[in-house]
Amino acid sequence: MSSIAILDSGVGGLPYLSSARASMPRESFIYVADRAGFPYGTKPRDEVKDIVLRLVARLVRSYGPKALVIACNTASQAALDAARKANPGLPIIGTVPAVKPAAERSRSGVIGVLATAGAVEDPYLDSLVARFAKGLSVIREGAQELVSFVERRAAVAGPAERRDAVEPYVRRLVDAGADQIVLACTHFLHLREDIAAAAGPSVEVVDSRAGVVKRLRQVLSERGQLIDGGPVARERGLLFDGGPAAPERGLFLLTGAGVPEAEYRALADSFGLGGPEPMPGL
Ligand code: DGL
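Keep in mind that what you see is a predicted model, and the values were worked out from it rather than measured. The residue count restarts for each chain, going from 1 along the sequence in the order it is written. At least 70 in pLDDT is required for a residue's local features to be given in this predicted model, at least 80 for side-chain atom pairs to be given and counted, and no such filter applies to totals for whole chains, interfaces and linings, which use all residues. Neither water nor hydrogens contribute to the side-chain values; these are computed over all heavy atoms in the structure.

The next thing to look at is the overall build of the protein chain. Helix and strand definitions here come from DSSP, where helices need a minimum of 4 consecutive H or I residues and strands a minimum of 2 consecutive E residues; each element is numbered from the N-terminal end. If you tally the helices and strands in the protein chain, you get 12 helices and 10 strands. What you see for the protein chain is a C-alpha radius of gyration of 18 Å, in line with the 19 Å of a compact globule of 282 residues. By principal-axis analysis of the C-alpha atoms, the protein chain measures approximately 50 × 40 × 40 Å. In the protein chain, buried positions account for 53% of the 282 residues. Residue contacts are counted whenever heavy atoms from the two residues lie within 4.5 Å of one another. The contacts of the protein chain with a sequence gap of at least 6 include a subset with a gap of at least 24, amounting to 76%. As presented, the protein chain carries roughly 12000 Å² of accessible surface, and 51% of it is formed by carbon and sulfur atoms. Note on charges: Lys and Arg go in the positive column, Asp and Glu in the negative column, and His and the chain ends are not counted at all. A charge is said to be at NZ when it belongs to Lys, at CZ for Arg, at CG for Asp and at CD for Glu. Across the protein chain, 34 positive and 32 negative side-chain charges occur, with their mean positions spaced 5 Å apart. Between the two quantities, the radius of gyration covers C-alpha atoms and the globule rule is 2.2 Å times the number of residues to the power 0.38. Throughout, exposure labels follow a simple rule: accessible area from a 1.4 Å probe, protein chains only, divided by the maximum for the residue type, with under 20% read as buried, over 50% as exposed, and the rest as partly exposed. All accessible-area figures derive from a Shrake-Rupley calculation using a 1.4 Å probe, and residue coverage is judged against the displayed protein chains alone.

A few words on the packing of helix α1 (residues 14–23) against helix α10 (residues 209–222). Helix packing for two helices is described by the angle between their axes and how far apart those axes are. Here α1 crosses α10 at 50°, and the two axes come no closer than 10 Å. Accordingly, the angle class assigned to the pair α1 and α10 is oblique. Handedness of the crossing formed by α1 with α10: right-handed. Note on element contacts: α10 touches α1 through Arg209, Val212, Val213, Leu216 and Arg217, opposite Pro15, Tyr16, Ser19, Ala20 and Ser23. Across the contact of α1 with α10, the residue classes break down as 6 nonpolar, 2 polar and 2 charged. Angular values range over 0 to 180 degrees, each being the angle between N-to-C directions of two axes fitted as lines to C-alpha atoms, with helices fitted over their stretch in contact. With respect to orientation, any angle under 35 degrees is reported as roughly parallel, any angle over 145 as roughly antiparallel, any angle of 65 to 115 as roughly perpendicular, and every other angle as oblique. In a left-handed crossing the near helix is turned counterclockwise from the far helix by less than a right angle, and in a right-handed crossing that turn is clockwise. Three residue categories are used. Nonpolar comprises Ala, Val, Leu, Ile, Met, Phe, Trp, Tyr, Cys and Pro, charged comprises Asp, Glu, Lys and Arg, and polar comprises the others, including Gly.

Attention now moves to the site of the ligand. Here a residue is near a molecule or strand as soon as one of its heavy atoms is found within 4 Å of it. Around the ligand sit 15 residues in total, of which Ser9, Tyr40, Thr74, Thr186 and His187 are the nearest. Counting of polar contacts relies on pairs of N or O atoms within 3.5 Å, with two restrictions inside protein: one atom must be capable of donating a hydrogen and the other of accepting it, and residues adjacent in sequence are counted only when both atoms are side-chain atoms. In this structure, Ser9 approaches the ligand through a side-chain N or O atom, which is 2.6 Å from an oxygen atom. Burial of the ligand by the protein amounts to 100% of the accessible area it has alone, namely 300 Å². At the level of elements, α3 (73–86) and α7 (144–153) are the ones that each hand at least two residues to the shell around the ligand. Across the shell around the ligand, the residue classes tally to 6 nonpolar, 8 polar and 1 charged.

Among the buried residues, those of types Ala, Val, Leu, Ile, Met, Phe, Trp, Tyr and Cys that are joined through side-chain atoms within 4.5 Å form a nonpolar core. Of all hydrophobic cores here, the largest spans 55 residues; its most connected members are Leu114, Ile181, Phe188, Ile195, Leu216 and Phe252. For Phe188, the residues in contact, after removing those within four places along its chain, are Leu114, Ala115, Ala143, Leu146, Val147, Leu183 and Ile195. If you look at the next biggest cluster of nonpolar residues, it comprises 24 residues, including Cys72, Ala75, Ala78 and Ile92.

Turning next to unusual backbone geometry. For the bond running from Phe38 to Pro39, omega is -10°, close enough to zero to count as cis. Pro276 follows Gly275 through a cis peptide bond whose omega is 10°. Its place among the elements puts Pro276 in the loop between α12 (261–270) and β10 (277–278).

Within the open sheet, the 6 strands sit side by side as β4-β3-β1-β2-β9-β10. Their pairing is parallel. Because the sheet does not close on itself, it has two edges, and the strands there are β4 (92–93) and β10. One bridge is not enough; two strands pair if DSSP finds at least two bridges between them. Bridge count between strand β2 (residues 29–34) and strand β9 (residues 251–255): 5 bridges; the pairing is parallel. Across the sheet, Asp34 pairs through a bridge with Thr255, a residue of β9. Along the sheet face, helix α2 (residues 45–63) touches β1 (4–8), β2, β3 (67–70) and β9 and points at about 145° away from the line of β2.

This part covers the packing of aromatic side chains. What counts as a ring pair is set by centres within 6.5 Å for rings of Phe, Tyr and Trp (its six-membered ring), and what kind of pair is set by the plane angle: stacked under 30 degrees, edge-to-face over 60, tilted for all other angles. Counted under the stated rule, the structure contains 2 aromatic pairs. Where Tyr31 meets Phe252, the ring centres are 5.5 Å apart and the plane angle is 80°; that geometry is what we call edge-to-face. Placement of the pair is Tyr31 in strand β2 and Phe252 in strand β9, with a sequence separation of 221 residues. For Phe252, a relative accessible area of 0% puts it in the buried group. The structure contains a cluster of three or more aromatic residues connected by ring pairs, namely Tyr31, Phe252 and Tyr264. We call a charge positioned above a ring when the Lys NZ or Arg CZ atom is no farther than 6 Å from the ring centre and deviates by at most 35 degrees from the ring normal. Of note, Arg35 hangs over the ring of Phe38, and the distance from its end group to the ring centre comes to 4.7 Å.

The criterion for a disulfide is a pair of cysteine sulfur atoms lying within 2.5 Å. Applying the stated criterion to the full structure yields 0 disulfides. Cys72 carries a free sulfur, and the closest cysteine sulfur to it, the one in Cys185, is 6.6 Å from it. Residue classification places Cys72 among the buried residues on the basis of a relative accessible area of 5%.

Structure (structure tokens):
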């Protein structure tokens, strides 16, 4: 039975994996952290596209997943269309900044978008804003350093360190009147609670997990490939409650070297994955 693959430049897609698994507990998952390509957010769009296309080809060759989630906004903006064209038989779900729901919910008319250095300037974000946030003020905050912080420290840092890391970004958005903060980089979901606490109760923090999981379920179901959740999953111990070893726990694959090991091991554990281990098929 083939798996659902989820990829990102690092650990940003893990919160998406959690949501997908909570919704589809009997599915098996493969998570890929492309540390060889990390970071995507500082690279030119075309370079990100090439990196992602190569990675997807390798993943498809080695594992033949039944669906792929690109759980990275920067990669989706650069490579989603090309990856779909290159893999016509494979349903690929991308991650789109949640500008639409934020625009619908905003009362102040000011929305903050927190993204990578590349994604804040990407024409794709321009088109989302033009389409869904017409007449609203959209403040874009490039927060590439927060991406590195999440890679190195998110699983091991204490509350004060996390708060200090998010505070300057959140402050700028809130001072400008934002009542919605869109997490337009998947890494920032690891800091969601910290961002919400720094922003205060009158600000909503929005992300795209629900939409991505809904779409994933929908494509699998349309293709007759959805293994729906239910009590069986718990009987077989496939969930987070001390389930069996990999691969049923889910594979956590890495490309490249120089990974922050303690952080990655802690995250593998807390997200119910085996490993991490090197991805085969270079
Ligand atoms: N997690 C990624 C995103 O959603 C990108 C992080 C990076 O590699 O710069 O955009």
